[in-house]
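# Coordinate inspection notes
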Amino acid sequence: MTATVLLIEDNAQNRHLATYLLERHGFVVVPAVDGAEGIAIATTLRPDLVLLDIQLPGMDGHGVAGALRAIDALRTAPIIAVTSYAMAGDREKALAAECDGYIEKPIDPQRFAADIAAFLPLPLAGAVA
Ligand code: MN
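Residues numbered from 1 in each chain as written. Predicted model: local features only at pLDDT ≥ 70, side-chain atom pairs only at ≥ 80, totals over all residues. Heavy atoms only, no water.

To continue, consider the confidence of the model for the protein. The share of residues in the protein with pLDDT of 70 or more is 83%, and the mean pLDDT across the chain is 86. Model confidence for the protein, summarised as mean pLDDT per element, is weakest for helix α4 (residues 90-98) at 65 and strongest for strand β2 (residues 28-32) at 98. (pLDDT = per-residue confidence, 0-100. Helix = DSSP H or I, 4+ residues; strand = E, 2+ residues; numbered from the N terminus.)

This is the structure in C-alpha cells:
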C-alpha cells in the first residue's frame, strides 16, 4: 500500500525534513503551512494519516485537531501531534492526548518514518530500510 500523509507544519525546515524522510520510506506527503490550509486540504484529500504540528500561527493546534475530527473522511485517519519536547507543558500534553499519538521534536531521522508507519493499520510496501 501507499499511504498519504497530510503534513501540517509551519516551519519550512521541519516540513522539508519530514517530507524527505517520509517520501524516502514510500509515503506520499501533502504539505500544509497552517491549520486553515490543512483543514481545507483534508476535506478533499482523504489522507491516511495527519501529522499535526501543534504550535501553528493563527488557529492553534487545539482548534485544528477539533476541525479535523469533524471531517467525515478523516474519521479513521490517525492524527499524530508533533510536540516540541523542550516546550511541552500540561496544555500540550492534553492536546497530544486528544490526538491518536504524538511525536516529539526534534524528530529522530533514524526512526521517524518507522514511528509514523506504526500508526497505520497496514505495513508500507516498498519501504527503504
Ligand atoms: Mn510550528
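Turning our eyes to something else, we now look at the coordination of the manganese ion. Looking at the manganese ion, one finds its protein donor set to be D10 (OD), D53 (OD) and Q55 (O), positioned 2.1 Å from the metal centre. Mapping the donors of the manganese ion onto the primary sequence yields the spacing D-x42-D-x1-Q. With D10 in the loop between β1 (4-8) and α1 (12-24) and D53 in strand β3 (residues 49-53), this residue pair connects regions lying 43 residues apart in the sequence. Taking the relative accessible area as the measure of exposure, D53 reaches 3% and is therefore buried. (Donors = N, O, S within 2.8 Å, 3.2 Å for Na, K, Ca; no water. Buried < 20%, exposed > 50% of the residue type's maximum accessible area, 1.4 Å probe, protein only.)

Attention now moves to α1. The end-to-end C-alpha distance of α1 is 18 Å, a good match for the 18 Å that 13 residues give at a rise of 1.5 Å each. Every buried residue belonging to α1 is among R15, A18, T19, L21 and L22, and all of these are buried. Structurally, α1 contributes buried residues whose contacts are with β1, β2, β3 and α5 (112-117). Structurally, the start of α1 carries an N-cap: the backbone nitrogen of Q13 is 3.0 Å from a side-chain oxygen of N11. One or two residues past the end of α1 sits G26, with phi positive at roughly 95 degrees. (Expected span 1.5 Å × (residues − 1). Contact = heavy atoms within 4.5 Å. Polar contact = N/O pair within 3.5 Å; in protein donor to acceptor, adjacent residues only side chain to side chain.)

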